[in-house]
Amino acid sequence: MTSTSSHGRTQQPATGRPAPATPPADRSAPEAPSAAAPPAAAPPAAAPPRPTAPQATAPTAALTAPAPPPRPRRTRLSALPEVRWAALSALAFLLAFPLDLAGAPAWAWGPLYAVCYTAGGWEPGLAGLQALRERTLDVDLLMVVAAIGAAGIGQFLDGGLLIVIFAVSGALEALATRRTEDSVRGLLDLAPSTAVRLAPDGREETVEAAALRVGDTVLVRPGERLPADGTVLAGASEVEQATITGEPLPVAKGPDDEVFAGTLNGTGALRVRVGKDATEWAIARIVAMVEEAGRTKAPTQVFIEKVEQRYSAAVVAVTLALFAVPLFFGADFTTTLLRAMTFMIVASPCAVVLATMPPLLSAIATAGRHGVLVKSAAAMERLGAVTRVALDKTGTLTEGAPRVAGVRSPVPGDSGTDEARALALAAAAEQPSEHPIARAVVAAARERGLRVPGACEFSSTPGRGVHAVVEGCTVRVGSPAALLSAGAPGSGEGLTEEQLRGARAVASEIEATGHTAVAVLLDGVPVAVLALTDRLHPGAPEAVARLHRLTGAEGGSGVGAGPASEAGVTLLTGDNVRAARRTAEECGITDVRAGLLPQGKVAAVRAWQDDGAKVLMVGDGVNDAPALATAHSGVAMGRVGSDLALETADAVVVRDEAGAVPTVVALSRRARRLVAQNLVIASVCIGALVTWDLAGHLPLPLGVLGHEGSTVLVGLNGLRLLRSAAWRRAADA
């Protein structure tokens with residue numbers, strides 16, 4: 001028995017992604033994310049000869065609170081053919097019903113019943129015949145056969161009622177499915193249809209947003225929505241991007257910052273370089289991946305459909321027996337046929353078939369609206385079954401970008417250079433570099449309001465650091481192992497062993513705390529040692545605590561703990577033990593596996609699963625892809641994740657929000673509970689109606705109402721997860 005769904009009419013998802021940029025030269029740094037950093041933005045475009053003054057189209061006060069979520073596009077009832085045919089069938093039945101009861105001649109109500117049967121039954125009947133040609137039984141065909149059988153023995157009213165209720169039930173299912181699609185596709189309405197593109201000579205031209213190409217520069221005035229994903233070239237503003245990233249407050253945007261199509265610009269004008277084709281925008285990817293997921297089937301659904309064929313054949317066999325056996329013993333033909341048809345109707349597994357997919361598809365749509373792309377119904381179902389979670393460190397729990405956590409003087413007062421001055425000199429030397437450490441040092445100086453002088457004669461040596469001349473002095477910034485060893489190039493000739501030991505001791509203290517040490521030398525003399533760390537994602541400790549609750553454990557048994565624990569949260573990382581332990585302590589993780597190569601992560605996941613655990617692996621890099629593929633379920637961080645990790649994982653967190661991981665797990669568990677509820681409702685209703693028909697006398701209209709009512713109830717119950725409150729409740733779990 002097969003069932004059709006409007007989810008089959010969906011667009012193919014976009015799979016192309018921009019190629020990763022070449023990574024910077026290797027230097028001493030915290031474990032970097034596997035995905036390369038995005039290419040540097042082009043320099044700001046030249047100002048047009050006659051710049052246009054920005055015109056605010058939205059009040060500034062509008063940005064003090066998050067913009068309301070987009071209202072999903074609503075499909076009109078009349079736009080669905082199932083609704084139109086059901087309405088025609090119901091209208092014809094309502095006109096024929098009083099004429100039939102009043103004893104009017106057959107020519108008055110007969111044509112109306114014919115319209116009712118034809119309008120409500122032609123489409124499911126045709127679908128049933130096509131399924132029969134493929135040697136499968138379709139519940140639609142059984143319903144139409146039962147209605148025609150009722151009409152054949154003069155029970156036009158009962159058969160018409162069956163057709164109308166079945167048609168209305170199908171229309172409600174089609175409407176619910178379309179509303180699910182509307183709630184996701186409505187995100188596309190966020191992106192404006194036109195954009196202001198800047199020509200090379202500075203002229204402004206209005207073009208279709210879909211016509212924008214990678215490399216185009218667009219002007220976004222205050223209050224307008226951004227027409228494409230890209231990078232800010234010039235300007236400063238606050239952008240409301242809650243619909244894409246979920247951030248509740250406007251986010252400050254300036255040069256080199258990433259922006260998304262459909263987000264709302266604030267009080268400033270921005271010039272944005274288009275970074276992706278329209279098919280690769282964050283909004284388009286959400287829609288495409290959710291629609292692709294709607295075409296898949298969960299394991300529970302696959303199992304039900306396998307059993308359904310044998311069950312349907314048994315229903316047909318029992319129906320024939322209920323009709324033939326009593327007739328053999330002289331029972332009344334009409335009464336026997338009505339009883340057999342009633343049994344066939346109430347025993348049909350419509351509600352059972354509909355029990356699984358609506359909850360899972362609703363959960364997928366809700367997760368997609370909140371920036372989590374679950375790739376299939378099977379993946380959504382698996383997420384709720386996890387009993388253990390393995391987390392990568394860099395790019396998953398942390399941002400994957402170093403920041404300066406402190407500045408230490410190796411020999412206080414000896415060089416006459418204070419810590420602020422040392423940081424400013426280091427920033428000056430690092431400013432021409434594109435290395436993550438260089439960006440962190442320059443950012444730290446700017447955050448502290450330091451003046452960063454100019455530099456010349458810049459050079460960079462992989463594995464050692466950078467060299468530049470700043471205000472007539474030679475500044476070196478790099479690895480303590482390379483710069484603080486006796487006789488190292490660039491170290492001062494008069495530098496004593498005691499000074500070197502003091503600087504190395506400070507560097508060792510910094511490294512012992514899990515930070516990365518970077519030495520700063522001025523004319524060969526150590527003046528500072530910088531402590532760099534990888535910043536935790538906001539909400540990472542809270543996310544870990546929620547994962548502990550969801551897996552029913554409070555952690556493992558320490559660094560290097562074995563797989564004895566059946567549930568909990570473990571940190572799997574290729575970083576050193578000290579850095580891993582520090583991150584784990586900040587997040588509340590006690591089971592840490594550090595220094596792992598990709599095969600080490602796979603071995604850990606396999607060991608847990610061999611012990612019966614269902615492991616959820618969360619990662620972002622190429623080195624996480626094998627473990628993502630091995631685990632029961634895999635979740636990838638989408639913003640910094642490598643292409644391989646994104647394609648291997650079952651779900652993608654678009655905004656890299658750690659808190660979304662436990663939320664989608666909780667949402668999956670709610671969907672699984674709704675599936676169980678639906679199966680119970682369907683089974684109880686079918687069992688009660690079948691028992692009534694076999695043990696007593698169940699009127700055909702009442703059997704139709706009970707059967708179709710349970711089907712509608714199961715369908716509507718499955719759509720509860722489409723409500724906006726479903727995600728909030730999952731986040732509170």
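In this text, all values refer to a predicted model and were calculated from it rather than measured experimentally.

### What about the overall build of the protein?
- In terms of regular secondary structure, the protein is built from 24 helices and 22 strands.
- Looking at the 733 residues of the protein, the share that counts as buried comes to 52%.
- Pairs at least 24 apart in sequence give 71% of the contacts found in the protein among residues at least 6 apart.
- Accessible area of the protein: about 31400 Å², with a carbon and sulfur share of 59%.

### Here's the deal with the pairing of strand 11 (residues 388-391)
- The alternating pattern of strand 11 places Arg388 and Ala390 and Val389 and Leu391 on opposite faces, both of which are buried.
- For strand 11 and strand 18 (residues 568-572), the ladder comprises four bridges, and the chain directions are parallel. From the neighbouring strand, Val389 faces strand 18, where its bridge partner is Val569.
- In terms of strand pairing, strand 11 meets strand 20 (residues 615-619) through four bridges, oriented parallel. The partner of Arg388 across the bridge, within strand 20, is Val615.

### Things to note about the sheet that holds strand 17 (residues 525-536)
- With respect to topology, six strands assemble into an open sheet ordered 12-17-16-15-14-13, the strand pairing being antiparallel. Strands at the two margins of the open sheet, each flanked by one partner only, are strand 12 (398-408) and strand 13 (456-461). Within the sheet, the average angular offset between the axes of one strand and its neighbour, ignoring direction, is 20°.
- Where helix 18 (residues 577-587) meets the sheet, its contacts fall on strand 12 and strand 17, and the angle it forms with strand 17 comes to roughly 45°.

### Topic: the packing of aromatic side chains
- Taken as a whole and judged by the stated rule, the model has eight aromatic pairs.
- Between Trp109 and Phe156, the aromatic rings sit 5.6 Å apart at their centres with planes inclined by 55°, giving tilted as the arrangement. On the criterion of sequence distance, the pair formed by Trp109 in helix 2 (residues 106-133) and Phe156 in helix 4 (residues 156-185) is long-range, its members being 47 residues apart.
- Using a relative accessible area of 13% as the deciding quantity, one classes Trp109 as buried.

### Details of the nonpolar core
- By size, the foremost hydrophobic cluster in this structure holds 50 residues, and its most contacted members are Val374, Leu391, Ile589 and Leu616.
- Broken down by element, the residue count for this core peaks at nine residues, all from helix 22 (residues 660-695).
- Of all hydrophobic cores here, the second largest spans 41 residues; its members include Cys116, Leu142, Leu337 and Met344.

### As for the environment of Leu713
- Assignment of secondary structure puts Leu713 in helix 23 (residues 700-718).
- Under the relative-accessibility criterion, Leu713 is labelled partly exposed at 45%.
- Spatially, the C-alpha atom of Leu713 lies 8.5 Å from that of Ile681, the residues being 32 residues apart in sequence.

### Regarding the sheet that holds strand 8 (residues 264-265)
- Sheet architecture is open: three strands sit in the order 6-5-8, paired in antiparallel fashion. Because the sheet does not close on itself, it has two edges, and the strands there are strand 6 (251-253) and strand 8.
- When strand 5 (residues 237-240) meets strand 6, the two strands line up antiparallel, connected through three bridges. Considered in strand 6, the bridge of Glu238 is made with Ala252.

Rules and cut-offs
Residues numbered from 1 in each chain as written. Predicted model: local features only at pLDDT ≥ 70, side-chain atom pairs only at ≥ 80, totals over all residues. Heavy atoms only, no water. Helix = DSSP H or I, 4+ residues; strand = E, 2+ residues; numbered from the N terminus. Buried < 20%, exposed > 50% of the residue type's maximum accessible area, 1.4 Å probe, protein only. Contact = heavy atoms within 4.5 Å. Areas by Shrake-Rupley, 256 points an atom, 1.4 Å probe, with all protein chains shown as cover. Pairing = 2+ DSSP bridges. Axes fitted to C-alpha atoms, helices over the stretch in contact; angles between N-to-C directions. Phe/Tyr/Trp six-rings, centres within 6.5 Å; stacked < 30°, edge-to-face > 60°. Core = buried A, V, L, I, M, F, W, Y, C linked by side-chain atoms within 4.5 Å.

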